[in-house]
Amino acid sequence: FTLWGSGPSSAAYAYINRCFTRGEHTWVLSDGADKFKQNFKQGMLVVLFDAIILIFAVNAVHFYYTLYLNTSSTLWLALIVLISVVYTMMHPYIYQLMVTFDSSIWAIYKNALIITIAKLPMNVLLLVIGAVIIYGLFTILNPLAATLVMLIAGLCITRYPAEFYAARVIERSILRDMKEKQPEIEYIGEDE
């Protein structure tokens, strides 16, 4: 849930983080519940895609790892791992784009991939920070205590840097440019 998100609740979390990064007022519970309802269908589609991709990725890694043991060829195994890592780094952008723009799920995925690749060094750093925090918790604490810490505070601690950065990138790179080119268009969330 930390790295891939949890559908509509991640959309609500992305909206609240977007408001925090812009310095806008937001009611965490009521505005979050509204965004949960507004983005429920797209959020559930993301969860469905995540489940399908996770099943395929695990099977592919298993298959290509077995192939690696037999042939010592790492090309396909490395490619599957690389695609999985890039897909993981796309998630903060998927949810930020979902709550910021009224677009199709395919446009959201395409734009999230483009932004992820364009901002790759910082995305890798944020992914490593999140993974280190998760690994550190499960190394220092016993698994039950680490799971409780992750459920209570860890999700926010590990997801906040990536969500914050994604909101800033979208604000600076996309929205500012769109407002300069087409100032007469109203964008979602401007007057909320």
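Provided above is the structure to which this section pertains.
Below: a short report on this structure. Worth saying up front: this structure is predicted, and the values here are computed from it rather than measured. (Residues numbered from 1 in each chain as written. Predicted model: local features only at pLDDT ≥ 70, side-chain atom pairs only at ≥ 80, totals over all residues. Heavy atoms only, no water.)

**Regarding the nonpolar core**
- V46, Y93, I94, L97, M98 and Y109 are the most contacted members of the largest nonpolar core, which totals 27 residues.
- Put simply, the parts of the chain that give this core at least two residues each are α1 (8-22), α3 (40-71), α4 (75-100), α5 (105-118) and α7 (143-181).
- Among the elements that line this core, the one with the most residues is α4, at eight residues.
- Contacts of M98, omitting those with residues within four sequence positions, involve A11, N39, Q42, G43, V46 and I108. (Core = buried A, V, L, I, M, F, W, Y, C linked by side-chain atoms within 4.5 Å. Buried < 20%, exposed > 50% of the residue type's maximum accessible area, 1.4 Å probe, protein only. Helix = DSSP H or I, 4+ residues; strand = E, 2+ residues; numbered from the N terminus. Contact = heavy atoms within 4.5 Å.)

**A few points about helix α2 (residues 28-38)**
- Among the residues making up α2, those that are buried are D31, G32 and K35. Buried positions in α2, seen along its axis, are confined to an arc of 100 degrees and lie on one side of it. Exposed and oriented more than 90 degrees from the buried face of α2 are L29 and K37.
- Elements that come into contact with the buried residues of α2 comprise α1 and α4. (Arc of directions from axis to C-beta.)

**Looking at the packing of aromatic side chains**
- Evaluation of the coordinates by the stated rule reveals eight aromatic pairs.
- For the ring pair F63 and Y64, a centre distance of 5.0 Å and an interplane angle of 75 degrees mean the geometry is edge-to-face.
- Pairing Y160 with F164 gives two aromatic rings, centres 5.7 Å apart and planes at 40 degrees, and the pair type is tilted. On the criterion of helical spacing, the pair formed by Y160 and F164 is a turn pair, its members being four residues apart in helix α7.
- By way of ring pairs, the aromatic residues F49, Y87, W106 and Y109 are connected into one cluster. (Phe/Tyr/Trp six-rings, centres within 6.5 Å; stacked < 30°, edge-to-face > 60°.)

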